[in-house]
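Now for the letters of each chain:
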Amino acid sequence: MILCTECYIQKDDKTLMLYRNKKENDINKNKYIGIGGRFEHGESPEECLIREVFEETGLTLTCFEFRGMITFLTVNNECEPIYMFVFTADGFSGEVKDCDEGELHWVETERIEELNLWEGDHLMWKWLKGDDGVFSGKFVYDGNDLADDWVKFY
């Protein structure tokens with residue numbers, strides 16, 4: 001099982017997105033994703049979030065909000081289950097630095113869904129834009145596509 005965080009940092013109607021294009025054999029290659037990564041031993045979701053955002057962007061978060069959790073599975077169990085804690089943030093200090101995992105881009109928030117995202121991220125982004133409170137969902141992937149049995153719990 002893999003535990004990770006993802007954060008959508010927002011400022012002036014823009015969201016900081018990571019275009020993953022620098023690592024070989026990257027499952028996220030050529031996709032836009034939020035900022036985040038895997039837990040280190042003993043970390044809480046918030047500690048992981050703060051550390052990962054700083055490591056990938058150089059920004060120190062000062063105001064963030066837990067928005068939901070996504071469980072990722074694969075049809076044939078070829079990958080370990082991933083449990084991702086999703087946050088948004090609108091308070092930070094520092095300046096964006098280069099990231100060794102890809103290119104960081106401030107993207108107009110209204111254009112996020114036009115980007116090359118994972119299919120499930122398109123759904124999650126709609127949930128993030130909504131006013132339904134905290135969400136929980138399960139995305140089952142068959143290769144790069146969502147299988148028919150993905151589900152949103154609330």
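Since the structure is predicted, the reported quantities are computational estimates derived from the model, not experimental observations. (Residues numbered from 1 in each chain as written. Predicted model: local features only at pLDDT ≥ 70, side-chain atom pairs only at ≥ 80, totals over all residues. Heavy atoms only, no water.)

Turning our eyes to something else, we now look at the pairing of strand 2 (residues 14-19). Here strand 2 lies mainly inside the structure; 5 of its 6 residues are buried. In terms of strand pairing, strand 1 (residues 2-11) meets strand 2 through 3 bridges, oriented antiparallel. Paired with Ile9 across the strands is Leu16, a residue of strand 2. In this structure, the hairpin formed by strand 1 and strand 2 is closed by a connection of 2 residues, where Asp12 is found at a positive phi of approximately 50°. Alignment of strand 2 against strand 7 (residues 103-108), held across 6 bridges, turns out to be antiparallel. Of the residues in strand 7, the one forming a bridge with Tyr19 is Glu103. (Buried < 20%, exposed > 50% of the residue type's maximum accessible area, 1.4 Å probe, protein only. Helix = DSSP H or I, 4+ residues; strand = E, 2+ residues; numbered from the N terminus. Pairing = 2+ DSSP bridges.)

This next bit is on the pairing of strand 8 (residues 135-142). In terms of burial, strand 8 is largely enclosed, as 6 of its 8 residues are buried. Here strand 5 (residues 60-74) runs beside strand 8; their pairing, made up of 7 bridges, is parallel. Bridge pairing in strand 8 places Met69 opposite Ser136. In this sheet, strand 10 (residues 151-152) lies alongside strand 8 in antiparallel orientation, the contact comprising 2 bridges. Opposite Lys138, over in strand 10, you have Val151 as the bridge partner.

What follows is about the layout of surface pockets. Considering only enclosed or pocket space, the largest pocket measures out at about 820 Å³ in volume. Counting residues per element, the ones that place at least two in the lining of the largest pocket are strand 1, strand 4 (35-38), helix 1 (45-57), strand 5 and strand 6 (82-93). Classifying every residue of the lining of the largest pocket gives 11 nonpolar, 8 polar and 10 charged. (1 Å grid on protein atoms, 1.4 Å probe; cavity = no way out; pocket = protein on both sides within 12 Å on 5 of 7 lines; lining within 4 Å. Points joined across faces, edges and corners; volume = space filled by probe spheres on them. Nonpolar A, V, L, I, M, F, W, Y, C, P; charged D, E, K, R; others polar.)

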